[in-house]
Amino acid sequence: GLWAQLPPAWQPALASATPQQLAGLLGGHGGPGAAWPLSLLAFAAAARALAFPRGRPGGSPRPPCQSPHLHALLRRHVKPKKQHEIRRLGKLLQRLSQATGCERVVDVGAGQGHLSRFLSFGLGLSVTAVESDGRLAGLAERFDRELLRELEKTKGAGHRGHPRRCLNPPRRRPPCLLTPRAPRHVPGRLDPTAPWGELLLPPDPPGPGPAAQNPLGGPEGSEDGGRVLVTGLHACGDLSPALLRHFARSPAVAAVASVGCCYMKVSTAPQPPGSPQPGYPLSASVAALPGHQLSYRAREAACHALEEYEGRLRGGSAHLRAHCYRAALESLICNAHPGKRHLGVQTGRKAHTLSFPQYARLGLPHAGLDPARVPLDSGAVEAMLEQQHKVVAFCTLGQLLAPVVETLVLLDRLLYLRERGFHCALVPLFNPRFSPRNLVLVAARTPLDTALAGLDEDTEDGDS
């Protein structure tokens, strides 16, 4: 019933538009033969004007196969998208380290340790990687040991001179040599309500042995006074707000660089005193705005990539079929169990290559439903699938608003830090064409001008 909620003047224009015309509406470049209602054009223009700049897509639609700016050993097990991200964020953290005089980094939600490995082996920083998933932490330590063995074999592969000088070599210079300095891995979760010294909780489920000490407190008398830089690359849901809250509360943290992710998992409901506070809104400024509330649908839409969707529309990609499949599957699930909404059902990356019955048989068990008990060849299902074009057009409108919603979430975090007197900025660090969550929130207790100056001078094919 969502289509009927659109303004009546928009419905015939959107229903008759080709995917290429929808791409023009999304990108603000017009469309071949499109005649949009003025109110729809104004809506699109307002959405673009209100969104924080995400940088200009550059290079090919996909990142280069291998980044020439990363040592070959650091590219192992790392997809091209992640290579692009760890190199760019690593450069920013290196600059923050130089600007603050702090060489200790805590990578929260480190996963398989790709960023931590680049910071320690590639840039010579002292890195602590915090990860709650024991399987991922085990993989990270295994990859570290592999790299150390390779360095031991070559013997002379240690970095000659200061390990940071080669972060941005000329295009034809060989990649930087590595220093045999592995990150330290700490299993644990973050408690958003705990005092800073008690921030780290045992992993879930707890592993054997005593709980690890909080890595965010630093030894007294160290050269940097026990201070650390904290980073979270695509820290999911409430983890990003938790990092910002702890930065604001602890003078032990010199700076923070946070790249958010999974906004639909951010808590929004007001909590009683003593309970974890919601991840949105953080700032008093946004909390005071009437109508600042964001629905699950709005926050989920903000996680999608406008640039990638525009490319799919222009190419008439078969991937567009998956939107209608998801909408039909959601309808079937809600008809069977009205309380089962927004389950995040995953059916695999190539859903568009399946028939709908095949797709539904993969997805329904994830919702606790027996595919044999759900009619998949009924006239009602066929009628839903015939609305694919309307689903795509409606999704296009959602994509127009996605950057606005993300802007509100990130500006709320920025304002939270500014209200407390910190220096902060939002930087479009990654190429938005293949790294949708490309805005990094940087905050420090000292000015950021030195750290952020000239960030865009270091580019490669596919870089922003």
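Placed above this text is the structure.
Presented here is a report on the structure given in the accompanying data block. On a predicted model such as this, the values are computed, not experimentally measured, just so you know. (Residues numbered from 1 in each chain as written. Predicted model: local features only at pLDDT ≥ 70, side-chain atom pairs only at ≥ 80, totals over all residues. Heavy atoms only, no water.)

### With respect to empty space enclosed by the protein
- This model, assessed by the stated rule, comprises three cavities of 30 Å³ or more.
- Considering the residues around the largest cavity, the lining is formed by L73, L74, R76, H77, V78, H114, R117, F143, E146, L147 and E150.
- Elements with a minimum of two residues in the lining of the largest cavity: α5 (114–122) and α6 (134–154).
- Per-element tally for the lining of the largest cavity: the top contributor is α6, with four residues.
- Among the residues making up the lining of the largest cavity, the classes are represented as five nonpolar, two polar and four charged. (1 Å grid on protein atoms, 1.4 Å probe; cavity = no way out; pocket = protein on both sides within 12 Å on 5 of 7 lines; lining within 4 Å. Points joined across faces, edges and corners; volume = space filled by probe spheres on them. Helix = DSSP H or I, 4+ residues; strand = E, 2+ residues; numbered from the N terminus. Nonpolar A, V, L, I, M, F, W, Y, C, P; charged D, E, K, R; others polar.)

### A look at the layout of surface pockets
- The volume enclosed by the second largest pocket comes to roughly 470 Å³.
- Along its surface, the second largest pocket is lined by 20 residues, and L26, G27, L306, E307 and E310 are the ones closest to its centre.
- Of all the secondary structure elements, the ones that give two or more residues to the lining of the second largest pocket are α2 (19–27), α3 (38–50), α10 (306–315) and α14 (388–419).
- Considering each element in turn, the lining of the second largest pocket owes the most residues, five residues, to α10.
- Its residues placed into classes, the lining of the second largest pocket shows nine nonpolar, four polar and seven charged.

### A short note on the sheet that holds strand β6 (residues 228–236)
- In space, the seven strands of this open sheet follow the order β3-β2-β1-β6-β7-β9-β8, with mixed pairing throughout. The sheet is open, and its two borders are formed by β3 (184–187) and β8 (423–428), each paired with just one other strand. With strand direction ignored, the average angle separating the axes of adjacent strands in the sheet is 15 degrees.
- With six bridges connecting them, β8 and strand β9 (residues 439–444) associate as antiparallel partners. Paired with L426 across the strands is L441, a residue of β9.
- The sheet strands contacting helix α7 (residues 239–249) are β1 (104–108), β6, β7 (253–261) and β9, and the helix crosses β7 at an angle near 165 degrees. (Pairing = 2+ DSSP bridges. Axes fitted to C-alpha atoms, helices over the stretch in contact; angles between N-to-C directions. Contact = heavy atoms within 4.5 Å.)

### Quick word on the side chain of T231
- Note on placement: T231 falls in strand β6.
- The exposure class assigned to T231 is buried, which follows from its relative accessible area of 0%.
- Of the polar contacts made by the side chain of T231, one reaches the backbone oxygen of A257; its length is 2.9 Å.
- When residues no more than four places from it in sequence are discounted, the contact partners of T231 are L89, L93, V105, V106, D107, V108, L115, L243 and A257. (Buried < 20%, exposed > 50% of the residue type's maximum accessible area, 1.4 Å probe, protein only. Polar contact = N/O pair within 3.5 Å; in protein donor to acceptor, adjacent residues only side chain to side chain.)

### A short note on the packing of aromatic side chains
- As enumerated under the stated definition, the model contains five aromatic pairs in all.
- Pairing F247 with F422 gives two aromatic rings, centres 4.7 Å apart and planes at 50 degrees, and the pair type is tilted. Of this pair, F247 sits in helix α7 while F422 sits in the loop between α14 and β8, and the two are 175 residues apart along the sequence.
- Measuring from centroid to centroid gives 5.5 Å for Y325 and F356, while their planes differ by 65 degrees, and the two rings are edge-to-face. One end of the pair, Y325, is in helix α11 (residues 321–336); the other, F356, is in helix α12 (residues 356–363), and 31 residues separate them in sequence. (Phe/Tyr/Trp six-rings, centres within 6.5 Å; stacked < 30°, edge-to-face > 60°.)

### Quick look at the pattern of salt bridges
- Tallied over the full model, the rule gives eleven salt bridges.
- Close ionic contact of R312 with E308 constitutes a salt bridge, the shortest N to O distance being 3.1 Å. With R312 and E308 both in helix α10 and four residues apart, this pair spans about one turn of that helix.
- When its relative accessible area of 26% is taken as the criterion, E308 is described as partly exposed.
- When salt bridges that share partners are traced, they join R54, E307, E406 and R437 into one network. (Salt bridge = Lys/Arg side-chain N within 4 Å of Asp/Glu carboxyl O.)

### Examining the nonpolar core
- L89, L96, L119, L429 and V440 are the most contacted members of the largest nonpolar core, which totals 37 residues.
- At the level of secondary structure, the elements contributing two or more residues to this core comprise α4 (80–100), α5, α6, β6, β7, β8 and β9.
- For this core, the element with the most residues is α4, which contributes five residues.
- Excluding its chain neighbours within four sequence positions, the residues that come into contact with L119 are G90, L93, V105, G124, L125 and V127.
- V228, L243, Y280 and L294 belong to the second largest nonpolar core, which has 32 residues in total. (Core = buried A, V, L, I, M, F, W, Y, C linked by side-chain atoms within 4.5 Å.)

Treat this as a map of the structure, not an account of what it does.
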